[in-house]
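Single-letter residue listing:
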Amino acid sequence: MTNAAIIVAAGRGRRAGGEMPKQWQPLAGRRVIDWTVAAFEAVPEIDHIVVVLHPDDLDRFTPRGRVTVTTGGATRADSVRCGLEHLAADMGESGILYVLIHDVARACTKPAYITDVLYALRQPGTRAVAPALPVTDALWTGADGHVTGTRDRTGLWRAQTPQAFGFADILSAHRGHRSDAADDVEIARAAQIPVRILEGHEDNLKITHPEDFIRAEKILKDQMDIRIGQGYDVHRFGDGDHVTLCGVRIPHDRGLQGHSDADVAMHALTDAIYGGLAEGDIGRHFPPSDPQWKGAESHIFLRHAVGMASDNGFVINNMDVTLICERPKITPHAPTMVDTLAAITGLCPTRISVKATTSERLGFTGREEGIAAQAAVTLVKT
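The structure reproduced in this document is the subject of the present report. (Residues numbered from 1 in each chain as written. Predicted model: local features only at pLDDT ≥ 70, side-chain atom pairs only at ≥ 80, totals over all residues. Heavy atoms only, no water.)

Digging into the overall build of the protein
1) Next: Scanning the protein for helices and strands turns up 11 helices and 19 strands.
2) Next: For 382 residues, the compact-globule estimate of 2.2 N^0.38 gives 21 Å, and the protein exceeds it by more than 25% at 28 Å.
3) Next: Based on the C-alpha atoms only, the size of the protein along its principal axes is roughly 85 × 50 × 40 Å.
4) Next: Taking all 382 residues of the protein together, 48% fall into the buried category. (Helix = DSSP H or I, 4+ residues; strand = E, 2+ residues; numbered from the N terminus. Rg over C-alpha atoms; globule rule 2.2 N^0.38 Å. Buried < 20%, exposed > 50% of the residue type's maximum accessible area, 1.4 Å probe, protein only.)

So, in structure tokens, the structure goes:
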């Protein structure tokens, strides 16, 4: 028995303005639909995600992993029913235990909210759960721009999604309900399914009007995923007439020993990126036991780490590396090192720092037995 989610994205959403439906419009560096789907993908308890699209939009979104696509209908209720039938055909009507139904326009939904809803649905005696916020403002009726009366707000709630149900319950309810509805709670209640209210979140807004994009962007930026990674590496001196640091060849009376070109600074930077991604270190991706990396230039490793960050949706905000040695002197070469790292990583040179210090003749670096490097990077999810 598995858990599934349906994301309804077949509407046209013209009140939001723009030249295309709101789910395809840009929001904080991604499309609205991308933020919404990503939130559900981040919840491991969700085994299947169905995105319900308008037939004209099928080429705008590519299925991936747990995410499949189906076409919707003329109304929201029709589209949800299409998603439910898609799951029933794909997994069997008894193959899914719970289903969460969500509006694509709620792009600020966090994975934690989704998890809370699913947890509440699992409680004994619960058949359906829907998040909502109590109405706190005074309520009026109006006509022709004037107030015509007031309404009691006691017991009134503002509905949100995802709304969660036992799969068999809501599938049966939709099959027996052939008119449109405000949401799936209305359809569930028409089928005598009790729905528990779960306290919602103010920032789980539904994008409806043009000004909602501004508020949504602020919410998403405030919850931005920022990672900090750190790296450290050491190489001993041996025979040679130069060292390579940050990709720059520097004449010296000894060289650095290592399986690759022993660029201690670039190794520390590479490990910092891997660390920020929680992807181990260079040894995991380029094992020293593999002869193909013997004498390899370290820009290969750094480019791989940068590419992995990009593939995972991160940009590198800045890089900072400190070389610890008595000799050679680093400062005269630092500008060239910055430019070289910028060319390898694609970062602006103003976001790269290369500096050096000595250990005051203490320890192995003070005895000029080798060079150490420390690095830090900041990764930001786009």
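Having seen the structure, we can now continue with the description.
Here we look at the environment of H252
1) Next: With respect to the helices and strands, the residue H252 is situated in the loop between β15 (248-251) and β16 (255-256).
2) Next: Residue H252 is classed as buried on the basis of its relative accessible area, which comes to 10%.
3) Next: Along the chain, H252 and E186 lie 66 residues apart, while their C-alpha atoms are 77 Å from each other.
4) Next: Sequence-distant contacts of H252, that is, excluding residues within four places in its chain, are made with F237, G240, D241, H242, V243, R327 and P328.
5) Next: Among the polar contacts made by the side chain of H252, one reaches the side chain of D253 at a distance of 3.3 Å. (Contact = heavy atoms within 4.5 Å. Polar contact = N/O pair within 3.5 Å; in protein donor to acceptor, adjacent residues only side chain to side chain.)

Quick notes on helix α9 (residues 299-311)
1) Next: When the terminal C-alpha atoms of α9 are compared, their 18 Å separation across 13 residues agrees well with the 18 Å that a helix rising 1.5 Å per residue should span.
2) Next: On its buried face, α9 is in contact with α7 (264-276), α8 (282-285), β17 (314-324), α10 (334-345) and β19 (370-381).
3) Next: A positive backbone phi angle near 85° is found at G313, which sits one or two residues after α9. (Expected span 1.5 Å × (residues − 1).)

Examining the packing of α7 against α9
1) Next: Their axes nearest at 9 Å, the elements α7 and α9 cross at an angle of 20°. As summarised for this structure, α7 and α9 are arranged roughly parallel, according to the angle between their axes. When you trace α7 past α9, the crossing you get is left-handed. Of the residues in α9, those in contact with M266, H267, L269, T270, I273 and Y274 of α7 are H299, F301, L302, H304, A305, V306, M308 and A309.
2) Next: When grouped by side-chain class, the residues that make up the contact of α7 with α9 number 10 nonpolar, four polar and no charged. (Axes fitted to C-alpha atoms, helices over the stretch in contact; angles between N-to-C directions. Parallel < 35°, antiparallel > 145°, perpendicular 65-115°, else oblique. Left-handed = near helix turned anticlockwise from the far one by under 90°. Nonpolar A, V, L, I, M, F, W, Y, C, P; charged D, E, K, R; others polar.)

Examining the packing of aromatic side chains
1) Next: Applying the stated criterion to the full structure yields three aromatic pairs.
2) Next: A centroid spacing of 4.8 Å and a plane angle of 85° characterise the contact between F286 and W293, whose relative ring orientation is edge-to-face.
3) Next: Judged by relative accessible area, which is 16%, W293 ranks as buried.
4) Next: Aromatic side chains F286 and F301 sit 4.7 Å apart centroid to centroid with 50° between the ring planes, which places their arrangement in the tilted category. Within this pair, whereas F286 is found in the loop between α8 and α9, its partner F301 is found in helix α9, the two being separated by 15 residues in sequence. Just as F286 is buried, F301 falls in that class too.
5) Next: Connected via pairs of aromatic rings, a cluster forms that spans F286, W293 and F301. (Phe/Tyr/Trp six-rings, centres within 6.5 Å; stacked < 30°, edge-to-face > 60°.)

As for the sheet that holds β17
Neighbouring strands of a sheet are bound in pairs by backbone hydrogen bonds; such pairs are parallel or else antiparallel.
1) Next: The mixed open sheet is built from five strands, whose spatial order is β16-β13-β19-β17-β18. Sheet topology places β16 and β18 (352-357) at the edges, where each strand pairs with a single neighbour.
2) Next: Packed on one face of the sheet, α10 meets β17 and β18 and runs near 140° to β18. (Pairing = 2+ DSSP bridges.)

With respect to the nonpolar core
1) Next: Membership of the largest hydrophobic core comes to 48 residues, with the highest contact counts inside it found for L245, I273, L302, L323, M337 and V354.
2) Next: Elements represented by at least two residues in this core include exactly β14 (242-245), β15, α7, α9, β17, α10, β18 and β19.
3) Next: Residues within four places of I273 in sequence aside, it is in contact with L302, A305, V306, A309, I316, V377 and L379.
4) Next: In terms of nonpolar packing, the next biggest core, distinct from the first, is built from 27 residues, V69, L100, V117 and A164 among them. (Core = buried A, V, L, I, M, F, W, Y, C linked by side-chain atoms within 4.5 Å.)

Some thoughts on the environment of D212
1) Next: Within the secondary structure, D212 sits in helix α6 (residues 210-222).
2) Next: The spacing of D212 and P288 is 76 residues in sequence and 52 Å in space, taken between C-alpha atoms.
3) Next: In this view, D212 contacts L205, K206 and I207; residues no more than four positions away in its chain are not counted.

Concerning the pattern of salt bridges
Where charged atoms of side chains with opposite charge meet at close range, the side chains can pair.
1) Next: Overall, the coordinates contain 22 salt bridges when judged by the stated rule.
2) Next: Taking the shortest distance from any N to any O, the salt bridge between R361 and E368 comes out at 3.0 Å.
3) Next: According to the relative accessible area criterion, E368 is buried, its value standing at 12%.
4) Next: Salt bridges sharing partners connect three or more residues here, namely D253, R254, E326, R327, R361 and E368. (Salt bridge = Lys/Arg side-chain N within 4 Å of Asp/Glu carboxyl O.)

Let's talk about the pairing of strand β6 (residues 96-103)
1) Next: For β6, a buried count of seven out of eight residues is recorded, marking the element as mostly surrounded by other parts of the structure.
2) Next: Bridge count between strand β1 (residues 2-9) and β6: seven bridges; the pairing is parallel. Looking across to β6, one finds that A5 is bridged to L100.
3) Next: Examined bridge by bridge, β6 and strand β11 (residues 163-166) share four bridges and lie antiparallel to one another. Among the inter-strand pairings, V99 is bridged to a residue of β11, identified as F165.

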